Amino acid sequence: MVSTLMTASTASSNHPRSLGLPVSGMTCASCAARVEKALRAVHGVSEASVNLATERVNVTLDAQTETEVLVAAIRRAGYDVPTTNTDLAIDGMTCASCVARVEKALLKLDGVEAVDVNLATERAHVVSHAVSEEDLIAAIARAGYAATSINEESPAPAPMRDTQKWMLLASALLTLPLVMPMLGSASGRDWMLPGLWQWVLATPVQFVCGARFYRAGWRALKAGAGNMDLLVALGTSAAYGLSVYQLLVGSAHAAHAGPTHLYFEASAAVITLVLLGKWLETRAKRSTTEAIRALQKLRPETARVRKDGTEQDVPAAQLRVGDIVIVRPGERIAADGHIIEGRSHVDESLLTGESLPVPKNIGDVVTGGAVNGEGLIALAVGAVGAASQLAHIIALIENAQAKKAPIQRQVDKVSAIFVPVVLGLALLTLLGWWLIGGDLEHAILNAVAVLVIACPCALGLATPAAIMAGTGVAARRGILIKDAEALEIAHDVRAVMFDKTGTLTVGKPELIVLESVGGQRDAALAMAAAIQSGSEHPLAKAVVAEAQRQSLTLPAASEVTVEAGRGIGARIGAGDSRRHIVIGSPRWMSELQVNTTALAAHAEAQQDQGHTVSWMADLTGQPTLLAMLAFGDKVRPESTAAIRTLTARGIAAVLVTGDHASSAATAATQLGLTEVRAEVLPADKATIVAELRQKFGKVAMVGDGINDGPALAAADVGFAMGGGTDVAMQAAGVTLMRSDPRLVADTIDISRRTWHKIRQNLFWAFIYNIIGIPLAAAGQLDPVIAGAAMALSSVSVVSNALLLKRWRGSATSTLADKERT
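Only a predicted model underlies this, so the values are computations on that prediction, with no experimental measurement involved.

**What about the packing of aromatic side chains?**
At step 1: If you walk through the whole model with that rule in mind, you get four aromatic pairs.
At step 2: A ring pair is formed by Phe207 and Tyr214, whose centres lie 5.8 Å apart and whose planes are at 25°; its orientation type is stacked.
At step 3: Look at Phe207 and Tyr240: their rings are 5.2 Å apart centre to centre, the planes differ by 90°, and that puts the pair in the edge-to-face class. Of this pair, Phe207 sits in helix H6 (residues 195–209) while Tyr240 sits in helix H8 (residues 228–252); the two residues are 33 residues apart in sequence, bridging distant segments of the chain.
At step 4: Clustering of aromatic rings is evident, with ring pairs tying together Phe207, Tyr214, Tyr240 and Phe264.

**Structural notes on unusual backbone geometry**
For residues that are not glycine, phi is negative in most cases, and the peptide bond is trans in most cases.
At step 1: The residue Gln593 is not glycine, and still its phi comes out positive at about 60°.
At step 2: Note on placement: Gln593 falls in the loop between helix H20 (586–591) and helix H21 (600–608).
At step 3: One non-glycine residue, Glu679, lies in the positive phi region at around 55°.
At step 4: Looking at the secondary structure, you find Glu679 in the loop between strand E26 (675–677) and helix H24 (682–696).
At step 5: Using a relative accessible area of 29% as the deciding quantity, one classes Glu679 as partly exposed.

**Re the UniProt feature "transmembrane region" (unreviewed entry) in the protein**
At step 1: The positions UniProt marks with the feature "transmembrane region" (unreviewed entry) are residues 166–184, 196–214, 226–248, 260–280, 414–436, 442–467, 761–778 and 784–804.
At step 2: In residues 226–248, helix accounts for 91% and strand for 0%; the two terminal C-alpha atoms are 32 Å from one another.
At step 3: Along residues 761–778 the backbone is 94% helical and 0% strand, and the end-to-end C-alpha distance reaches 26 Å.

**Some words on a nonpolar patch on the surface**
At step 1: Together, Leu427, Leu431, Trp434, Leu435, Ile436 and Leu440 make up an exposed nonpolar region whose accessible area comes to about 650 Å².
At step 2: Looking at the nonpolar patch element by element, the count peaks at five residues for helix H13 (residues 406–437).
At step 3: The residue Trp434 is located in helix H13 in this model.
At step 4: Assessed through its relative accessible area of 42%, Trp434 is described here as partly exposed.

**Let's talk about the pattern of salt bridges**
At step 1: Scanning all chains against the criterion turns up 20 salt bridges.
At step 2: Its salt-bridge partner being Arg306, residue Glu341 comes within 2.8 Å of it at the nearest N-O pair. With Glu341 in strand E11 (residues 336–341) and Arg306 in strand E8 (residues 302–307), this residue pair connects regions lying 35 residues apart in the sequence.
At step 3: The class of Glu341 is partly exposed, set by a relative accessible area of 36%.
At step 4: Close ionic contact of Arg571 with Glu559 constitutes a salt bridge, the shortest N to O distance being 3.7 Å. In this pair, Arg571 sits in strand E21 (residues 567–572) while Glu559 sits in strand E20 (residues 557–563), placing the two residues twelve residues apart along the sequence.
At step 5: Several salt bridges converge on common partners, so that one network encompasses Glu675, Arg677, Glu691 and Lys695.

Rules and cut-offs
- Residues numbered from 1 in each chain as written.
- Predicted model: local features only at pLDDT ≥ 70, side-chain atom pairs only at ≥ 80, totals over all residues.
- Heavy atoms only, no water.
- Phe/Tyr/Trp six-rings, centres within 6.5 Å; stacked < 30°, edge-to-face > 60°.
- Helix = DSSP H or I, 4+ residues; strand = E, 2+ residues; numbered from the N terminus.
- Buried < 20%, exposed > 50% of the residue type's maximum accessible area, 1.4 Å probe, protein only.
- UniProt positions renumbered as here; feature names shortened; annotations may be inferred.
- Patch = residues over 30% accessible without salt bridge, like charges linked within 9 Å, V, L, I, M, F, W, Y side chains within 5 Å.
- Areas by Shrake-Rupley, 256 points an atom, 1.4 Å probe, with all protein chains shown as cover.
- Salt bridge = Lys/Arg side-chain N within 4 Å of Asp/Glu carboxyl O.

Listed below in structure tokens is the structure:
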């Protein structure tokens, strides 16, 4: 993929101009005055007027003042300028030079903050401030390309592919009689057609089938740039023009000279081969987007809705949150929701990579796009449209495939000067052979070979094709990679830092033991449940669940406070009998000076078994110990295999947990881990990431909770478990759609394979040019062979990237495997 992030350039006019910007965060007239004051202080701004009702500011400024300067001034004043994300489909791009020209055209617009252009998907993603879609499309048109809006209903570009196919067939049929004589001459036979016939066959190939090269090349020239089409148009025109000249001169001197050799077959063959290459490239590029198309097909067109006691089919797009949807056996679920009637098994393979159907009962969440098994179920719709999990997955994949990998920035620098350099080399080749050898005909053919062997398209496709194939195959196996940078960095990870609860363990701990100081176990359990009844923490849920099982009556709890990483406290009771009760970690009890000696032996015995211990104390007067609670959480069956796989690949696995050292050590022994950090506060996890980075190198963090957010963001690559919180998924670069730690090793594996493909592709893209151009300049390549090599270059890099589709992964239980069976 070829893309960029740049600041907008200055306008070309010297006249004052007006600009409107949206401003968020203003609440009153003083806010408006503050924004106006901040903008008027910017050099070049003559007037600023804020409309508080519309939350917009109109600015009069000179032509040299950049929009980003205004945005920065507004943000320094404490407000923000909202951005708009626009996606456009672009027609006519053929190489990296085209991408650079589209980027440049868009970034000239006032208000455009960032641009990502993807050659492989032929799309542009634009981040802007108050720039209309029409203005963006117009800017692209001025650069010589056509752009259209993208929406979910956009049809596949089948007509364009059909045109490509028919032009290729026509060109091949007309070229075949021109190249057949070359085969005859190799066997000593003269099958050469008369010159006039050659001209009749070659002309439609040159100007009808090859018209696309002239159009695109002319647009490039008008924009003051060059691209692959310009090289092809110049090269084939030179060969065609030389042949026409030779034909005319040969006819004039036919009486006293032998037959003149023509080069119509060279120009026609080059055009045919390039058309063949572009057609194969289009087909191959389409294969890289199979993952997204497969997911888009999961959306059912209709849903059976129950309303007022009757059922009727309605378009799925009309579903609303709260609707009751009936799903029959074998049907695809139309929207996210939870089951309110019935039970079944649901096939979520395309969404999570899990091939085995998952049992679903009343209250369980189901995802739109999954396939219902044997039971009839009714579900209450919980999310539709862009809020659905399927839409979120598609958006993540599209985002990953649209963003630029860091390595691509180096390729961009080469691509920016590629075409001008090739044109210069072709001119030097022409002049050199003509001046040294004195043979203009031979000089032109060598210059043509230089022009047509150059491969800017291969450079533009080398990285995005691999990124698209890698992220696509990963998604089909339950691994959602947020951006290309995460995919590239993951290949170099040397240590993986695992949270324990919910990551390496099932995440559903149970209250194993509650020992009270005064023997009042039920009273202690009731207080603990009352304090934690509103908490989402797994340990809190375990306490509440145990109290519910015993049908205990809970006392009133008020003034609930949470100490992150330490515990929770509340006031229990009413009036003068109110008590300040806290539940938390051993570290917190030590900080609160609570003496835990009375139950220390019990606690130690539980920790030796790998259980997590919490304490309950009364802080009303002198801190007094009330009870010890021990929790057990089963290790995931896949965790040990995940650790073993990482270790075998030379990647250190580290357990980081807030548990007591002895319970953490027991869990580490069960998992086969040798490095453990225990009794760690959430705020300290990010510090440990930095320590591990110093020791090992690149560090990945795997977690599922809100407390893991800072560490996930601090790590070089963050992995969020699919069953975790939205905060964790937002902070992470990779989301694992099912709670299987083995997917961490799989992600690193597919990253390494993708990185390997990127390097292979860039090697071949460069080697074609590094070897081919000098050979062509030295007169060692026929233009036809040069054209074939150029056509082959882009096809080869895309085809090489598509080999990633064969990847299965160690945690594979995927749709692809099911399809094979």
